[in-house]
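Fold and contact review
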Amino acid sequence: MDNQEVDCGGCDTIPQPLLSIDEALEILTSSAKVTNSTQLIELDNTLNRMLAIDIHANISVPSFDNSAMDGYVINLKENQINTSGGFTFKINDRIPAGSIGDTLASGCAARIFTGAPIPKGANTVLMQEECELIENKSKIEVYRPISLGENIRPIGNDIQSGDVILPKGKQLQPQDIALAASVGINKLKVFHKIKVGVFFTGDELAKPGDTLQQGQIFNSNRYSLVALLNKLGCEVINLGNIKDTFNATCDALEALKSDCDLIITTGGVSVGEEDYIKSAIEELGQLNLWRIKIKPGKPFAFGNLGHCAFIGLPGNPVSAIVTFLLFARPFIKKMQGATHYLNTAFKTQANFDWHKPKPRREFVRVRLDHATFPTKANLYPKQGSDVLSSMVWADGLIEIPEKTTVKRGEVLNFYPLNEMLS
Ligand SMILES: Nc1nc2c(c(=O)[nH]1)N[C@H]1C(S)=C(S)[C@@H](COP(=O)(O)OP(=O)(O)OC[C@H]3O[C@@H](n4cnc5c(N)ncnc54)[C@H](O)[C@@H]3O)O[C@H]1N2
Ligand code: MOO
């Protein structure tokens, strides 16, 4: 904890040590260890999983020249290329997809269907709409100039044998799975899911479904955090709500640490004497980072209990989600083996003024207005870290740099929620 500069802007009045967002992200991502455990699984089960090796193609796709159209395959002669005047070809074969035609005789055509192999002796396919059937449908006649090789998909048009078709560290999407199938692969080696233990501190927390007692609130972080982890494809071990004591916090950490790659908690990371997370981590392991110059989410904590990493998210519901997306998500994605683990910012125009420069970089909830160009970001009127409705209303976060004001029309970084939730 001696790596933190002293900054008086964090709490807005009292001097406190705070890390910049960039420093915090650097500490997190550089200490995230990629899981070394892999498994070979059926293609159908690979959606969203992280590929553990480069995938090479052992065949070319297509593996034979084939027709791109339903029509007629011909052998266009040198003197017929791009010539106007019209040509006639006698139909002497029929080649559906999946069968092999005979060698095409000179001056003849074969009826051919999309995907069927081009027979020997042929070099061009004509669309059936451009051919006139004549002489009792025994011949075709074509009037327009014909290019050599048109409507033929050559061998290797999509993939060449030996190509790397999917790189290690790619998160598998439907099209990736299809590409693997297209070269005949039925199983892929992916990184094992990482195990994340979670628990929640706060004696004020009640379970949804129970009746609220005086001073209680419902535990919403339990649901956001478990859902966020499920979205990222983690295996979750959930201890639920624990008593707000130092001993209960230590017991929960001890119970999870040997089984988990990572433990995440919400609440109890601030400065109050009822906040035990930080002291429990210091007692059982190491605290590597605490408090970031960010709003919402300042009291974010990061450490480890031996091999098990630890992330303490702030208790306020918006702070918990925002810091999960900005810090925990890249950390987890890197652990999962993803090559692209950092959040992507898109440039968007602010449709609001920001009059007061703030000491912490702020991530405000906005909704995009696509009705005009360029797209504009509207601000949710209440930006408190307790206002969970702002997250539901918003479709992204706008980054307002520290110590700056913003004028309507200024271009800022926008982080779409749908991107960060994938
Ligand atoms: N004197 C100071 N007080 C606070 C500071 C500070 O710097 N000095 N920081 C504030 C900021 S910023 C945040 S964020 C919060 C975070 O505090 P904790 O992480 O210790 O969280 P708690 O105190 O336990 O709870 C904060 C808030 O969130 C509600 N909460 C907690 N858990 C849940 C849950 N599972 N579901 C729904 N809501 C939850 C809790 O009731 C509190 O209202 O500290 C500020 N204070
Ligand atoms: O930084 Mo805290 O997350 O505002 O409420």
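Thresholds applied
- Residues numbered from 1 in each chain as written.
- Chains lettered and ligands numbered in written order.
- Predicted model: local features only at pLDDT ≥ 70, side-chain atom pairs only at ≥ 80, totals over all residues.
- Heavy atoms only, no water.
- Axes fitted to C-alpha atoms, helices over the stretch in contact; angles between N-to-C directions.
- Helix = DSSP H or I, 4+ residues; strand = E, 2+ residues; numbered from the N terminus.
- Parallel < 35°, antiparallel > 145°, perpendicular 65-115°, else oblique.
- Left-handed = near helix turned anticlockwise from the far one by under 90°.
- Contact = heavy atoms within 4.5 Å.
- Nonpolar A, V, L, I, M, F, W, Y, C, P; charged D, E, K, R; others polar.
- Domains from an automatic or database assignment.
- Buried area = accessible area lost by both parts, 1.4 Å probe.
- Salt bridge = Lys/Arg side-chain N within 4 Å of Asp/Glu carboxyl O.
- Buried < 20%, exposed > 50% of the residue type's maximum accessible area, 1.4 Å probe, protein only.
- Arc of directions from axis to C-beta.
- Near = heavy atom within 4 Å.
- Polar contact = N/O pair within 3.5 Å; in protein donor to acceptor, adjacent residues only side chain to side chain.
- Pairing = 2+ DSSP bridges.
- Areas by Shrake-Rupley, 256 points an atom, 1.4 Å probe, with all protein chains shown as cover.

At a minimum axis distance of 11 Å, the contact between helix α3 (residues 221–231) and helix α6 (residues 317–335) shows a crossing angle of 25 degrees. What the angle tells us is that α3 and α6 run roughly parallel. Of the two possible hands of crossing, α3 and α6 adopt the one that is right-handed. Contact with α3, carried on its side by N221, S224, L225, L228 and L229, involves P317, A320, I321, F324, L325 and I332 of α6 and no other residues of that element. Residues of the contact of α3 with α6, tallied by class, amount to 9 nonpolar, 2 polar and no charged.

The next subject is the domain arrangement of the protein chain. Interface size is commonly expressed as the accessible surface area that is lost when the partners come together. What the domain assignment reports for the protein chain is domain 1 (21–37 + 192–335), domain 2 (40–59 + 163–191), domain 3 (66–153) and domain 4 (346–420). Computed from C-alpha coordinates alone, the two centres of domain 1 and domain 2 are separated by 32 Å. At the interface, 6 residues of domain 1 touch 5 residues of domain 2. Here domain 1 and domain 2 share an interface that buries about 450 Å² over both sides, 55% of which is from carbon and sulfur atoms. Area buried by domain 1 at its contact with domain 2 is led by H192, K193 and K333, which between them contribute 65% of it. The tally of links from domain 1 across to domain 2 stands at 0 salt bridges.

Another aspect to go through is helix α2 (residues 174–182). The complete set of buried residues in α2 reads D176, I177 and A180. Along the axis of α2, the buried residues cluster in a sector spanning 100 degrees; they form a single face. Of the surrounding elements, those touching the buried residues of α2 are β13 (164–166) and β14 (187–191). Downstream of α2 by a residue or two, G184 has a phi angle that is positive, lying close to 90 degrees.

Lining the immediate environment of ligand 2, one finds P296, G297, K298, N316, S319, R360 and S385. A distance of 3.0 Å separates an oxygen atom of ligand 2 from a polar atom in the backbone of K298. The contact in question runs from an oxygen atom of ligand 2 to an N or O atom on the side chain of N316, over 2.9 Å. Among the residues making up the shell around ligand 2, the classes are represented as 1 nonpolar, 4 polar and 2 charged.

Moving on: the pattern of salt bridges. One pass over the structure, following the stated rule, counts 9 salt bridges. Of the charged contacts in the structure, one is a salt bridge between E130 and R144, with a shortest N-O distance of 2.6 Å. With E130 in the loop between β9 (124–127) and β10 (132–134) and R144 in the loop between β11 (139–142) and β12 (152–153), the pair connects residues that are 14 residues apart, well separated along the chain. Judged by its relative accessible area of 31%, E130 falls in the partly exposed class. On the basis of relative accessibility, which here comes to 27%, the residue R144 falls in the partly exposed class. D176 serves as the salt-bridge partner of K170, at 3.0 Å between the closest nitrogen and oxygen.

Our focus in this paragraph is the sheet that holds strand β15 (residues 195–201). In spatial order, the strands read β18-β15-β19-β23-β22-β20; together these 6 strands make up an open sheet with mixed pairing. Sheet topology places β18 (235–242) and β20 (286–290) at the edges, where each strand pairs with a single neighbour. Going from strand to strand, the sheet's axes swing by 20 degrees on average, the running direction of each strand aside. Set on the sheet, α3 makes contact with β15, β18, β19 (262–266) and β23 (308–313); between it and β15 the angle comes to about 170 degrees.

On to the packing of helix α1 (residues 21–31) against α6, then. Running from N to C, α1 and α6 cross one another at 25 degrees; their axes reach a closest spacing of 9 Å. Comparing their axes, α6 and α1 come out roughly parallel. α1 and α6 meet at a crossing whose hand is right-handed. Note on element contacts: α6 touches α1 through L326, F327, P330, F331 and K334, opposite I21, A24, L25, L28, T29, S30 and S31. Its residues assigned to classes, the contact of α1 with α6 shows 8 nonpolar, 3 polar and 1 charged.

What you see with β11 is a clean split: I140 and V142 sit on the buried side and K139 and E141 on the side with no burial. In terms of strand pairing, strand β7 (residues 87–95) meets β11 through 4 bridges, oriented antiparallel. The residue bridging F89 from the neighbouring strand is I140, located in β11. Of the strand pairs in this sheet, β10 and β11 are connected by 3 bridges, and their pairing is antiparallel. Its bridge partner lying in β11, L133 is registered against I140. Counted along the chain from β10 to the antiparallel partner β11, the turn is 4 residues long, and its residue E135 has a positive phi close to 45 degrees.

What follows deals with the sheet that holds β7. Taken in spatial order, the 6 strands make up an open sheet running β9-β6-β8-β7-β11-β10, and their pairing is mixed. Two strands close off the open sheet at either side, each with one partner strand: β9 and β10. Each neighbouring strand pair of the sheet contributes to a mean axis angle of 40 degrees, computed without reference to strand direction.

The next subject is the site of ligand 1. Near ligand 1 you find 22 residues, and of these E204, N219, S270, K298 and G315 are the closest. Between a nitrogen atom of ligand 1 and a main-chain N or O atom of N221, the distance comes to 3.3 Å. Burial of ligand 1 by the protein amounts to 71% of the accessible area it has alone, namely 860 Å². If you list the elements that add at least two residues to the shell around ligand 1, you get β17 (217–218) and α6. Here the shell around ligand 1 is built from residues that sort into 8 nonpolar, 11 polar and 3 charged.

So, on to the side chain of N221. Position of N221 among the secondary structure elements: in helix α3. A polar atom in the side chain of N221 sits 3.2 Å from the side chain of T266. Residue contacts for N221: discarding those within four places in its chain leaves F200, T266, P314, G315, P317 and A320.

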